[in-house]
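# Secondary and tertiary structure notes
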Amino acid sequence: MLEIFPSLLAADFSRLGEQIDQVTAAGVNYLHFDVMDGHFVPNISFGLPVLESIRKCTRLPLDVHLMITDADTYAPRFIEAGADQVSVHQEACPHLDRTVRMIQSEGAKAGVVLNPATPLSTLEQVLPLLDYVLLMSVNPGFGGQSFIPYVLDKVRTLRQWRERLGLTFAIEIDGGISLDNVGRVAEAGVDWVVAGSSVFGTADPGRAAIALKEAGLEAAARKA
Ligand code: DX5
Ligand code: ZN
């Protein structure tokens with residue numbers, strides 16, 4: 001089932017609670033939380049204290065995307081602060097098998113993220129362990145960038161692998177998703193769509209999230 005994950009990176013931080021209420025009232029089922037350390041990516045976003053505050057004001061599952069060099073140290077702390085699922089970058093984790101198992105043993109779902117240029121083959125061995133795979137459709141670090149279309153081929157291939165191997169991980173996509181391309185993304189076989197500026201950059205974030213979901217579901221149904 002297609003789900004839209006509003007990315008709080010694009011929200012107005014001076015009224016985060018209100019913005020979360022807007023998308024929650026519209027029927028969104030997850031929130032995406034981008035953590036950047038100014039080292040793995042050339043930008044700094046927000047961290048543990050902000051997650052703790054958000055945890056107190058929503059029951060929605062919190063999907064934490066760690067764009068940080070030292071995921072092994074911080075993943076358990078984000079889980080303690082309220083993350084329900086944590087994704088780490090393949091490019092930042094030399095001991096990926098260990099990191100994934102650690103996240104799960106701390107009680108969260110574990111995902112691995114691939115930058116646009118990182119091949120799917122880097123996940124071949126760990127795929128059976130994963131709860132989800134996040135395919136970046138922009139180079140991580142900033143909201144509001146343009147969608148990179150070749151990532152659609154990665155989605156289609158990953159979908160085929162999942163079927164062939166009989167696995168159940170979810171496929172998530174992140175970066176540059178709008179009403180212009182959500183149909184193509186859904187048709188390619190994505191389960192979870194992260195959307196920042198196309199939700200919180202609009203006058204009505206709740207309505208924008210629902211419009212994205214409807215457009216995606218319609219395109220997927222047309223294809224089926
Ligand atoms: C980018 C982040 C994204 C970002 C997406 O590095 O991982 O989650 O918030 O923003 P948009 O949807 O504006 O591209
Ligand atoms: Zn993200």
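Values in this document were obtained by computation on a predicted structure and should not be read as measured data.

### Looking at the coordination of the zinc ion (ligand 2)
- Protein coordination at the zinc ion (ligand 2) comes from His32 (NE2), Asp34 (OD), His65 (ND1) and Asp174 (OD), with a distance range of 2.0 to 2.3 Å.
- Considering all six donor atoms around the zinc ion (ligand 2), angles at the metal cover 70 to 169 degrees and the coordination shape is octahedral.
- Mapping the donors of the zinc ion (ligand 2) onto the primary sequence gives the spacing H-x1-D-x30-H-x108-D. Of the two residues, aspartate 34 sits in strand β2 (residues 31–36) while histidine 65 sits in strand β3 (residues 62–67), which places them 31 residues apart along the sequence.
- Classification of aspartate 34 as buried rests on a relative accessible area of 4%.

### Quick look at the sheet that holds strand β1 (residues 3–6)
- Read across the open sheet, the eight strands follow the order β1-β8-β7-β6-β5-β4-β3-β2; overall the sheet is parallel. Strands with a single pairing partner mark the edges of an open sheet, and in this sheet they are β1 and β2. Neighbour-to-neighbour, the strand axes of the sheet open up by a mean angle of 25 degrees, direction not taken into account.
- Where β3 and strand β4 (residues 85–89) come together, four bridges link them in parallel fashion. Paired with valine 64 across the bridge in β4 is valine 86.
- Taken strand by strand, helix α5 (residues 151–165) contacts β5 (109–114), β6 (132–136) and β7 (170–174), and its axis lies near 170 degrees from that of β7.

### A few points about the site of ligand 1
- Neighbouring residues of ligand 1: 20 residues in total, closest Ser7, Asp34, Asp174, Gly196 and Ser197.
- Glycine 196 places a polar main-chain atom, nitrogen or oxygen, 2.8 Å from an oxygen atom of ligand 1.
- In terms of residue count, the dominant contributor to the shell around ligand 1 is β2 (three residues).
- For the shell around ligand 1, the per-class residue count stands at eight nonpolar, ten polar and two charged.

### Structural notes on the environment of leucine 62
- Counting through the fold element by element, leucine 62 comes out in strand β3.
- Note: C-alpha distance between leucine 62 and histidine 32 (30 residues apart in sequence) is 6.2 Å.

### Focus on the pairing of β4
- Among the five residues in β4, five count as buried, and that is most of the element.
- Taking every second residue as pointing to the same face, both faces of β4 are buried, with Gln85, Ser87 and His89 on one and Val86 and Val88 on the other.
- A crossover connection joins β3 to the parallel β4 through helix α3 (residues 71–80); in handedness this β-α-β unit is right-handed.
- Both β4 and β5 contribute to a ladder of five bridges, which runs parallel. Paired with valine 86 across the two strands is alanine 110, which belongs to β5.
- On the question of chirality, the crossover connecting β4 to the parallel β5 by way of helix α4 (residues 96–105) is right-handed.

Conventions used here
- Residues numbered from 1 in each chain as written.
- Chains lettered and ligands numbered in written order.
- Predicted model: local features only at pLDDT ≥ 70, side-chain atom pairs only at ≥ 80, totals over all residues.
- Heavy atoms only, no water.
- Donors = N, O, S within 2.8 Å, 3.2 Å for Na, K, Ca; no water.
- Tetrahedral: all angles 85-135°; square planar, octahedral: opposite > 155°, others 65-115°.
- Helix = DSSP H or I, 4+ residues; strand = E, 2+ residues; numbered from the N terminus.
- Buried < 20%, exposed > 50% of the residue type's maximum accessible area, 1.4 Å probe, protein only.
- Pairing = 2+ DSSP bridges.
- Axes fitted to C-alpha atoms, helices over the stretch in contact; angles between N-to-C directions.
- Contact = heavy atoms within 4.5 Å.
- Near = heavy atom within 4 Å.
- Polar contact = N/O pair within 3.5 Å; in protein donor to acceptor, adjacent residues only side chain to side chain.
- Nonpolar A, V, L, I, M, F, W, Y, C, P; charged D, E, K, R; others polar.
- Right-handed = clockwise from strand over helix to strand, strands pointing away.

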